[in-house]
Amino acid sequence: NPGYGSSDGPVDRVPLETYSETLAETLETLGFGPNGRGPVDILGMLTGAKIGGELARSRPDMVRRLILVQSLVMTEAQRLAMIATLQGGVQKGWAEQGADFYVTRLKSALAELDSEQTLDQAITDFADSLVAGEDYLRGGMTALAYPTERLYKEITRPTLVVALGDERAELAAGAADLIPQAQLLRLPSYSR
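One structure accompanies this document, and this report is about it.

Reading guide: rules and limits
Residues numbered from 1 in each chain as written. Predicted model: local features only at pLDDT ≥ 70, side-chain atom pairs only at ≥ 80, totals over all residues. Heavy atoms only, no water. Axes fitted to C-alpha atoms, helices over the stretch in contact; angles between N-to-C directions. Helix = DSSP H or I, 4+ residues; strand = E, 2+ residues; numbered from the N terminus. Parallel < 35°, antiparallel > 145°, perpendicular 65-115°, else oblique. Contact = heavy atoms within 4.5 Å. Nonpolar A, V, L, I, M, F, W, Y, C, P; charged D, E, K, R; others polar. Salt bridge = Lys/Arg side-chain N within 4 Å of Asp/Glu carboxyl O. Pairing = 2+ DSSP bridges. Buried < 20%, exposed > 50% of the residue type's maximum accessible area, 1.4 Å probe, protein only. Core = buried A, V, L, I, M, F, W, Y, C linked by side-chain atoms within 4.5 Å. Phe/Tyr/Trp six-rings, centres within 6.5 Å; stacked < 30°, edge-to-face > 60°. Lys NZ or Arg CZ within 6 Å of the ring centre and 35° of its normal.

Brief notes about the packing of helix α3 (residues 76-97) against helix α4 (residues 100-111)
Direction vectors running N to C along α3 and α4 enclose 125 degrees, while the axes themselves pass 8 Å from each other. Relative to α4, the element α3 lies oblique. Two secondary-structure elements touch here, α3 through G89, V90, G93, W94 and Q97 and α4 through D100, F101, Y102 and T104. Looking at the contact of α3 with α4, its residues break down into 4 nonpolar, 4 polar and 1 charged.

Structure (structure tokens):
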């Protein structure tokens, strides 16, 4: 995605549809799509799942099959509450700790280390989150602003919805109820 993995990105937050359009352009440049080698299979997790879902919805000619992992579906009220909670926590952290907020975030990431996640993986994930600076929630906020509950109903590509075993499992499973003919796979013993 633009702005991730050391690539240039937008100066401000952009709608999720912009990331999907960029993905479609990239796939076409790489020779995929209806005028190339055909559609692709997309696997996305969290924000990536929303981008993949939007690509399948807006450009079904680009997507053959879709796997959505932890693609959270919430009501408008739930989305707004989560946005306020996340942004409020970040703003409070920066106001109280300044640059030391990075240290707090690293400590939190290490304290929440999954039993199957290595220390190197946790540090790499944390380092990747530093690229966006103070707006490290940019991807999450972009995904939360996307009206999943309305637009996922328009996805026509074969879809597998994967719900992992964490506190958001039911929100993730909800995508299978929206997407026509989607299959749901629950993996309760796996986390993010």
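Points about the pattern of salt bridges
Two side chains that carry opposite charge are able to pair once their charged atoms sit near each other. Inspection of every chain in the model, using the stated rule, returns 9 salt bridges. Across the salt bridge formed by E149 and R79, the nearest N and O atoms sit 3.4 Å from each other. Highlighted residues: E149 in helix α7 (residues 148-151) and R79 in helix α3, separated in sequence by 70 residues. By sharing partners, the salt bridges in this structure join E28, R59 and D61 into a single network.

A closer look at the sheet that holds strand β2 (residues 63-69)
The pairing of strands in a sheet comes from backbone hydrogen bonds and takes either a parallel or an antiparallel form. Pairing is parallel across the open sheet formed by 4 strands, whose spatial order is β1-β2-β3-β4. A single partner strand is all that each edge strand has here, and the edge strands are β1 (40-45) and β4 (183-187). Averaged over neighbouring strand pairs, the angle between their axes works out to 15 degrees when direction is ignored. The pairing of strand β3 (residues 159-164) with β4 spans 5 bridges and is parallel. Note that in β4 the partner of V161 across the bridge is L184.

What to know about the side chain of S71
Take S71: it is sitting in the loop between β2 and α3. Judged by its relative accessible area of 0%, S71 is buried. When near neighbours in sequence (up to four residues on either side) are disregarded, S71 contacts A49, K50, Y152, L171, A172 and A175.

Here's the deal with the nonpolar core
Proteins that are soluble and globular tend to have nonpolar side chains buried together. Judged by nonpolar contacts, the single largest core of 25 residues is most densely connected at L55, V63, L66, Y152 and I179. Broken down by secondary-structure element, the contributors of at least two residues to this core are α1 (16-29), β1, α2 (47-58), β2 and α8 (169-178). For L66, the contacting residues outside a window of four places in its chain are I42, G52, G53, A56, I155, P158, T159 and L160. Grouped together as the second largest cluster of nonpolar side chains are 14 residues, M141, L144, L171 and A173 included.

Some points on the environment of A84
Mapped onto the fold, A84 is located in helix α3. Overall, the relative accessible area of 48% leaves A84 in the partly exposed class. A sequence separation of 62 residues divides A84 from Y146, and the C-alpha atoms of the two residues are 15 Å apart.

Focus on the packing of aromatic side chains
Per the stated rule, a full pass over the model turns up 1 aromatic pair. Here R37 stacks its cationic end above the ring of F32, 4.4 Å away from the centre of that ring.

Notes on the environment of L137
If you trace the backbone, L137 turns up in the loop between α5 (119-129) and α6 (138-145). Between the C-alpha atoms of L137 and Q87, which are 50 residues apart in sequence, the distance is 8.0 Å. Not counting residues within four places of it along the chain, the set of residues in contact with L137 comprises L86 and V90.

Things to note about α8
Within an α-helix, residues lying three or four positions from one another point in the same direction, as the helix has 3.6 residues per turn. With 8 of 10 residues buried, α8 is to be regarded as a mostly interior element. All of the buried residues in α8 are A169, L171, A172, A173, G174, A175, A176 and L178. Buried residues along α8 sit against α3, α7, β3 and β4.

Any functional reading would require information beyond the geometric quantities listed.
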